[in-house]
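Here's the letter readout for the chains.
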Amino acid sequence: MAEQESIANFVEEIVQKSKTLREIIEILGPEVTSTDSETRESALKKLAGVISKLPDDFLAEEEVLLLLEFFLSRLEDSALSGGSVVLGLHHLVVHTKNLPTDCEIPLFQAIFKEGTVQSWSQKDRMRLFELLEFLLKKRIAGLKTLGFDFVLSFMRAASGERDPRCLVKIFQLYLEVVKNFDLGVFVEDMFELVACYFPVDYRPETKLNADEIVTREALLTGLESCLLSHQSFSLYVFQLVSEKILDDELSDSTKLEICEFLAKACLIFKPTTLVTYLDDYMTAFRSICLNPAERVHAKEIPSPVKNAIKYIVHCLRKDSENLEESLKSIADTSIENCEPFVLQAEMGLSGKALSLLQSIAETHEICARVILSKIFYWLGMLINANTVNAPQNKEEIIGETLPHIPVWLKIARTVNFAKPVQDALPGFFATFEGLEETAIKVMYQSAKELLLWKDLPKSEDITKFFTYLLDHMLVDLKENNEELRPPVYAFIRTYSEVDLENYVKILKECIGWDNIIRWDTPYDTNIKMLAEICCISIVNEESEQIFGDMIFSEKLVNVTEGSVTVELFKFNKDRTDRTVSNYLERWLYSGYNHLDLNDLGAYFQDIGYFLNNSLHEEVLRKELANFSEKFSAEAPRSRWFVLQCQNLDLMMQYLDKIMDAYFVGENPHLFKNHDLFTNTICPLYTAILNKEENWSEILEKYTAKLMVENPGMTRVCESRALFVAGRVEGVKMVEKLFENFIETPDHDIPLVADILDFEDRKYNPDLCKYKRTLMWKQRILCQFVPIYVRFFNGLAKDYEAKKSAFFKMLIQILRLARQIPVPQTHELLMILPIFCEALPMYSISQTEESSAILELVLDGLLELLKMAPPEKISEEALKIFLANFSEILSSQEHKIHIKLKTLDCLELMVKRCNSAVLIPYQSFTVQAIKKVSGSKKEVMRKKAATVRNLWELLKV
Amino acid sequence: MGKERLDNAAPIVYGVKARKYELTERDFDESIEDPIDAQEVFDYIRDINDPEHPYSLEQLNVVQEDLIKVYNEKEDPWVDVQFTPTIPHCSMATLIGLAIKVKLSRSLPPKMKTVVRITPGSHNTEEAINRQLADKERVAAAMENPNLMSTVNQCLVPREE
């Protein structure tokens, strides 16, 4: 303390010019020259302290020079006692404005050449490296004159550094040195200086403060940049990688990291030195990918290996002369070494070996051609299980091989290498026929590849194969096999796009189009299926012409499922021709009569989601024009379609017309259709308010009229619109909503939680294309929960009716929280006390209404237990929950659903919470569960058995 | 120290019964009583882990639904469970029997009694083991033994889904 005080006094005296720095030094003189090293260090500390507190421009150049010389002369003396000299030097160099010119060389030489940096403490080393960083940035010209001497001294200072914080700094300095100095004969030494840290074997120490922790990633990135910082390192880098990647003592995850590094190295260096190590790398890749003990990457090979292969080939491309030879060598050795893994399928590594070869084949045509010449023969053997010894394994191996066929067909198509495919196809077709259902998905996928392969001569076999699939497709679609739908759709679309004429011809033959007129009601499913095929076949204007005619023909019109129509628009959404608009026109004219008004509105909205703005607007204009003068009370089909519009004038015209129809009339009360208000006017009002910049004008125009009709709902609409748009007024409106809700009588329907309901298609911000902020769900939750909790806490203790309304909102809040990928811990914990209050209120009471609320509360609690970090749930809260769960399970009155949900909560608790916290309540909880294990319902007994067993196992 | 030699190093692994039961309205209708049946009891014990192998008792055919009898007598309901060790000299048979007994005691209604015994003719010391498992006091004493219960509990840890 005294030291600090004397420093402060000195500083004040110097700044106010009552003493000069020289006088201060004179005062400190006896201490500085004392024979006791501690006294000397203390004096230096004071001096360094004084300097560091002076304004940056206070010291003149001569003074700085004097002080620097003084501190440098004391450098070795201070090293063993405290390091105050370093503090002084650091401050003088880095912070003072008047650093003398030409001081960098003596400074550098004294500290880094003559001194031993590594003998200082971590903090001092860090300061010295910062000092060097400053010199490298500001005084590089002077340092450059030192040449090799500088490089050598730098290596000496940095060599052997173990502290991660200093290492990060060294890596930064290293880059500067490599950039600015000729490394000459020291290239290898410079490389070795950092290579010894590769691969990074470091885990951050958690006991350090958060801002002191150096992450592994920071260290790794720094190190990698250094290793890749100079072209002359290329030989050493490839050598280092080869040495490490084949090191048996390194784990597979470290080796994957090395693969990632190799990919980066390939991007930077020339291939000259890479070629030497190609064999080593390929051996390493095989050992990583084909490791039988590693089950994590059961089918796929790890992406770092894929990347490394990709970039190795990328690097080889830089040397066009030797490219072919190198690539052939890679492909040949891979084929040779992978063959046993592929063909001896019982080892269980066929899939991985094929994936490894696939990664190689995908890199270059030369590799692909070498591999393709073998692979189809192997695939043929595998799908016939020719190489399998035990018949039990046959099915599994065929199943594992089949998915590879379309993949390899695609590769063959990409490089247009038809020969091996043509040789293999007859065998494949014969096997497919024998396998039937097992292979059907792969057959569709293969057919798609064959269709896309324009240059492949379509033999009779291939055409037969397509015809077979078209025929089979009818069965597959009728059976509603959801897994098959995507490949079937892809096959239909490809066929229709690449060979429309033949497709239509064969399809018509398969379905017996000419006889369709005779199809009758028993064939309804056929007709629906046919409509689906036609709809999916529309992929361009030509196909729209043909299949549009079929869909809107007398027999098929009005049977197409709305969802299939939506699928058509989804697939064609990016098409710029008239396909979509032509079809839409026909659909609007005659395609929907079989749908009820609600479904029609929904499908129309779904279709609208995929239309571009101009088409959307065009359709909406037509819809508006078709409104009759005296619009009937029935809702129009485009009532939710309009919500997506981006043209606010149109939207307002629409709203005005509907409002006119709703509010104006000879006897308005007699004809009012409340559905029109709830499902059309309110959503449209919300959408306009949300999208309009001048929202207050809209509010002014409509609010009074709507308020008369339903004030609660109007307020909710307004709050929701602005809240989602991220406007400040939105938050205020939500607060107002809570205020109104609390002030209104108990029987008023609580609508507040409705603003959190974004699932409803009328208010779904995505589907309605609302104006919304980035991460709006997260924002809304974070804004809503504190308001909710504040108003809840403000309620009078006995205000039960209002509280129950708040409890009902819990589930809405938690449903929203569930949709947010990042756990909203803070908000979840804010509502935890509300659960603690809710449960005791309803666990005993058994009226029908209280049961309903209890069920909602339990639903909410289940969500909370799933998401909240268990260690943050207080013991007090757990105690309350467990006591009430016991109460619920003991009660004779509670319904089975409530008890099952209670058991679900207990299950989640025991699975997620720390067992040490739960053990004190173990016997109490087991006793409670026992009470339901005698239930007369099996479902309850089973649940109780599972949960009880988990609780009994707590000590394990 | 290496792992002790296994009694049966290569047991036969059997397929398991499908377990997806579609729940209907009836399952939640509290006016209808669901009597305990063999399938329900089988569900309680099928997933018990074998003490030696990474398989369930169902996978090793140690427990089978056909070997379970349920007597839903009003006054004295009880369950008879037979289990079949994988080999006649299996030293784990008593432990498996105890694990079944403990799991049933945690699952069935408190007043329901359980008889757990070895399928006749499937084990060399069948009688001795059956006697041990039927002796209430010995079973109670075993359940008081923390080391033994820790081994039993390992068998009752549910598998990851």
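Here, residues in each chain are numbered from 1, in the same order as that chain's written sequence. Lettering for chains starts from A, numbering for ligands starts from 1, and both go in the order in which the items are written. Local features are withheld for residues below a pLDDT of 70 in this predicted model, meaning they are given only at 70 or higher, and side-chain atom pairs are given and counted only at 80 or more; totals for whole chains, interfaces and linings count all residues. Side-chain numbers come from the whole structure's heavy atoms, not from hydrogens or water.

**Quick word on the overall build of chain B**
Under the scheme used here, helices are H or I runs from DSSP no shorter than 4 residues and strands are E runs no shorter than 2 residues, and both carry numbers assigned from the N terminus. In terms of helices and strands, chain B carries 6 helices and 3 strands. Scanning chain B from its N terminus toward the C terminus, one meets helices and strands in the order α-α-β-β-α-β-α-α-α. Buried means the residue's accessible area, taken with a 1.4 Å probe over protein chains only, is under 20% of the maximum for its type, while exposed means over 50%, and partly exposed covers the values in between. Residues counted as buried form 43% of the 161 residues belonging to chain B. Taken as a whole, chain B presents about 9,500 Å² of accessible surface, with 52% of it coming from carbon and sulfur. Computed by Shrake-Rupley with a 1.4 Å probe, the accessible areas treat only the displayed protein chains as cover when residues are assessed.

**What to know about the overall build of chain A**
When you go through chain A residue by residue, the secondary structure sums to 48 helices and 0 strands. Here the globule rule is a power law, 2.2 Å times the number of residues to the power 0.38, and the radius of gyration is based on C-alpha atoms. For 956 residues, the compact-globule formula gives about 30 Å, and the C-alpha radius of gyration of chain A, at 38 Å, lies well above that figure. Viewed in the frame of its principal axes, chain A has a C-alpha envelope of about 115 × 85 × 65 Å. Counting across all 956 residues of chain A, residues that qualify as buried make up 53%.

**Re the packing of aromatic side chains**
Residue and element names in this part refer to chain A. Within 6.5 Å between ring centres, the rings of Phe, Tyr and Trp (the latter by its six-membered ring) count as paired, and their orientation is classed by plane angle as stacked under 30 degrees, edge-to-face over 60, tilted in between. Under the defined criterion, the tally for this structure stands at 41 aromatic pairs over all chains. Aromatic pair Phe198 and Phe261: ring centres 4.8 Å apart, planes at 45 degrees, arrangement tilted. Here Phe261 lies in helix H15 (residues 252-268) and Phe198 lies in the loop between helix H12 (187-195) and helix H13 (216-227), a separation of 63 residues in the sequence. As far as the burial class goes, Phe198 and Phe261 line up, both buried. Here the aromatic cluster, defined as three or more aromatic residues joined through ring pairs, consists of Phe376, Phe428, Phe429, Phe432, Tyr444, Phe465, Phe466, Phe491, Tyr495, Tyr503 and Phe547. Seen from the ring of Tyr763, Arg720 lies directly overhead, with NZ or CZ sitting 3.8 Å from the centre. Distance and angle both matter: a charge sits over a ring if NZ of Lys or CZ of Arg is within 6 Å of the ring centre and within 35 degrees of the ring normal. Above the ring of Tyr609, the side-chain terminus of Lys769 is found at 5.3 Å from the ring centroid.

**Considering the UniProt feature "domain: MIP18 family-like" (unreviewed entry) in chain B**
UniProt positions are given in the numbering used here, feature names are shortened, and annotations may be inferred rather than shown by experiment. Residues annotated in UniProt with the feature "domain: MIP18 family-like" (unreviewed entry) correspond here to residues 39-114 of chain B. Along residues 39-114 of chain B the backbone is 29% helical and 22% strand, and the end-to-end C-alpha distance reaches 15 Å.

**Some details on a negative patch on the surface**
All names here are of chain A. A cluster of like negative charges, contributed by Glu188, Asp189, Glu192 and Glu243, occupies part of the molecular surface. At 3 residues, H12 tops the list of elements feeding residues into the negative patch. Among the secondary structure elements, Asp189 is positioned in helix H12. When its relative accessible area of 41% is taken as the criterion, Asp189 is described as partly exposed. Only residues whose relative accessible area exceeds 30% and that take part in no salt bridge are eligible for patches, with like-charged residues grouped when within 9 Å of each other and nonpolar side chains (Val, Leu, Ile, Met, Phe, Trp, Tyr) grouped when within 5 Å. The rule for a salt bridge is simple: a side-chain nitrogen of Lys or Arg has to be within 4 Å of a carboxyl oxygen of Asp or Glu. Asp and Glu count as negative and Lys and Arg as positive, but His and the ends of the chain are not part of the count. Throughout, a charge is located at the NZ atom of Lys, the CZ atom of Arg, the CG atom of Asp or the CD atom of Glu.

**Considering the pattern of salt bridges**
Residues and elements named next belong to chain A. Enumeration over the complete set of coordinates arrives at 54 salt bridges over all chains. In this structure, Arg639 and Asp675 form a salt bridge, with 3.5 Å as the shortest nitrogen-oxygen distance. Here Arg639 is found in the loop between helix H33 (613-625) and helix H34 (648-663), whereas its partner Asp675 is found in helix H36 (residues 674-691), with 36 residues between them in sequence. Between Lys901 and Asp859 there is a salt bridge, and its shortest N-O distance comes to 3.2 Å.

**Examining the environment of Ser935(A)**
Residue and element names in this part refer to chain A. Among the structural elements, Ser935 can be located in the loop between helix H47 (922-933) and helix H48 (938-952). The sequence separation of Ser935 and Ile896 amounts to 39 residues, and the corresponding C-alpha distance is 9.6 Å. Note on contacts: a residue pair qualifies if any of its non-hydrogen atoms lie within 4.5 Å across the two residues. Those residues in contact with Ser935 that lie beyond four places of it in its chain are Met940 and Arg941.

**A few points about the interface of chain B and chain A**
Taken residue by residue, the interface counts 27 residues in chain B and 21 residues in chain A. Accessible area, probed at 1.4 Å, shrinks when two parts are joined; the buried area is that loss added up over both. Buried area between chain B and chain A, both sides added, is near 2,000 Å², and the carbon and sulfur share of it is 55%. The three residues of chain B that bury the most area against chain A are Phe28(B), Glu30(B) and Arg106(B), which together make up 33% of that side's buried surface. Applying the counting criterion to the chain B and chain A interface returns 3 salt bridges. Here Glu40(B) makes a salt bridge to Arg941(A), at a shortest N to O gap of 2.7 Å. Identification of polar contacts relies on pairs of N or O atoms within 3.5 Å, with a donor-acceptor requirement for protein atoms, meaning one able to donate a hydrogen and the other able to accept it, and with residues adjacent in sequence counted only if both atoms are side-chain atoms. The interface formed by chain B and chain A holds 14 residue pairs in polar contact (both at pLDDT 80 or more) in total. Elements that contribute at least two residues to the side of chain B that touches chain A include exactly helix H1 (25-28), helix H2 (38-45), helix H3 (93-107) and helix H6 (146-156) of chain B. Per-element tally for the side of chain B that touches chain A: the top contributor is H3(B), with 4 residues. Partitioning the side of chain B that touches chain A into residue classes produces 13 nonpolar, 4 polar and 10 charged. Residue polarity follows a fixed list, in which Ala, Val, Leu, Ile, Met, Phe, Trp, Tyr, Cys and Pro are nonpolar, Asp, Glu, Lys and Arg are charged, and the others, Gly among them, are polar.

**Things to note about unusual backbone geometry**
Note that the residue after Phe198(A), namely Pro199(A), is joined by a cis bond; omega there is -10 degrees. Positioned with a positive phi, Asn416(A) is a non-glycine residue whose angle comes to about 50 degrees. Overall, the relative accessible area of 34% leaves Asn416(A) in the partly exposed class. Here the phi dihedral of Asn61(B) falls at roughly 65 degrees; this positive angle occurs in a residue that is not glycine.

**Section: the confidence of the model for chain A**
One rule of thumb: low pLDDT means the predicted coordinates there are not for detailed reading. Confidence of the predictor at the level of single residues is captured by pLDDT, which takes values from 0 to 100. Confidence in the prediction of chain A, expressed as mean pLDDT, is 86, and 93% of residues score 70 or more. Element-level mean pLDDT values for chain A span from 50 in helix H35 (residues 668-671) of chain A up to 95 in helix H22 (residues 404-415) of chain A.

**Regarding the pairing of strand E1 (residues 63-71) of chain B**
Looking along a regular strand, one sees the side chains alternate between the two faces of the sheet. All names here are of chain B. At least two DSSP bridges between two strands are required for those strands to pair. With 5 bridges joining them, E1 and strand E2 (residues 78-83) adopt antiparallel strand pairing. Bridge assignment links Ile68 to a residue of E2, and that residue is Val81. The hairpin turn running from E1 into E2, its antiparallel successor, is 6 residues long.

**Here we look at the sheet that holds E2(B)**
Residue and element names in this part refer to chain B. The strand order across the open sheet built from 3 strands is E1-E2-E3, with neighbouring strands paired in mixed fashion. The sheet terminates laterally at E1 and strand E3 (113-118), the two strands that pair on one side only. Strand-to-strand twist in this sheet, taken as the mean axis angle between neighbours without regard to direction, amounts to 20 degrees. Between N-to-C directions, angles cover 0 to 180 degrees, with each direction set by a line fitted to C-alpha atoms, over the stretch in contact for helices. Packed onto the sheet, H2 meets E1 and E2 and runs at close to 130 degrees relative to E1. Strands in contact with helix H4 (residues 126-134) are E2 and E3; relative to E3, the strand with the most contacts, it is inclined by about 165 degrees.

**Thoughts on the packing of helix H27 (residues 500-511) of chain A against helix H29 (residues 541-551) of chain A**
Residue and element names in this part refer to chain A. Axis separation between H27 and H29 bottoms out at 11 Å; the angle between their running directions is 20 degrees. It follows from the interaxial angle that H27 and H29 lie roughly parallel. In the packing of H27 onto H29, the handedness of the crossing is right-handed. The segment H27 lies against H29, with Leu500, Tyr503, Val504, Leu507 and Lys508 engaging Glu542, Ser543, Ile546, Phe547 and Met550. Across the contact of H27 with H29, the residue classes tally to 7 nonpolar, 1 polar and 2 charged. Note on angle classes: values under 35 degrees are labelled roughly parallel, values over 145 roughly antiparallel, values of 65 to 115 roughly perpendicular, and the remainder oblique. Rotating anticlockwise by less than a right angle from the far helix to the near helix defines a left-handed crossing, while the corresponding clockwise rotation defines a right-handed one.

**Looking at the side chain of Arg637(A)**
All names here are of chain A. For Arg637, the location among the structural elements is in the loop between H33 and H34. A polar side-chain atom of Arg637 sits 3.0 Å from the main-chain carbonyl oxygen of Leu588. With residues near it in sequence (within four places) discarded, Arg637 still touches Leu588, Tyr592, Leu600, Gly601, Phe604 and Glu623.

**Section: helix H10 (residues 148-158) of chain A**
Residues and elements named next belong to chain A. Within H10, the full set of buried residues consists of Phe150, Val151, Ser153, Phe154, Met155, Ala157 and Ala158. Tucked inside the fold, the buried residues of H10 contact helix H7 (104-114), helix H8 (122-138), helix H9 (140-144), helix H11 (164-180) and H12. In the segment just after H10, Gly160 is the residue with positive phi, at about 80 degrees.

**Observations regarding the side chain of Glu58(B)**
For Glu58(B), the position within the fold is in the loop between H2 and E1. Here Arg46(B) takes part through its side chain, which lies 3.1 Å from a polar atom of the side chain of Glu58(B).

**Observations concerning the packing of H12(A) against helix H14 (residues 234-245) of chain A**
All names here are of chain A. Two numbers describe how H12 lies on H14: the axes approach to 10 Å, and their chain directions differ by 40 degrees. Once H12 is placed against H14, the crossing between them reads as right-handed. Contact residues: Val187, Glu188, Phe191 and Ala195 in H12; Tyr236, Val237 and Leu240 in H14. Of the residues that constitute the contact of H12 with H14, the class distribution is 6 nonpolar, no polar and 1 charged.

**A short note on helix H31 (residues 579-590) of chain A**
Residues and elements named next belong to chain A. How far a helix is expected to stretch is found by multiplying one less than its residue total by 1.5 Å. With 12 residues, H31 should cover 16 Å at 1.5 Å per step; its first-to-last C-alpha distance of 17 Å lies within 8% of that length. Most of H31 sits inside the fold, with 9 of its 12 residues counted as buried. Taken together, the buried positions of H31 are Thr579, Val580, Ser581, Tyr583, Leu584, Arg586, Trp587, Leu588 and Ser590.

**A look at the environment of Phe42(B)**
Note that Phe42(B) resides in helix H2. In this structure the C-alpha to C-alpha distance between Phe42(B) and Glu22(B), which are 20 residues apart in sequence, comes to 17 Å.

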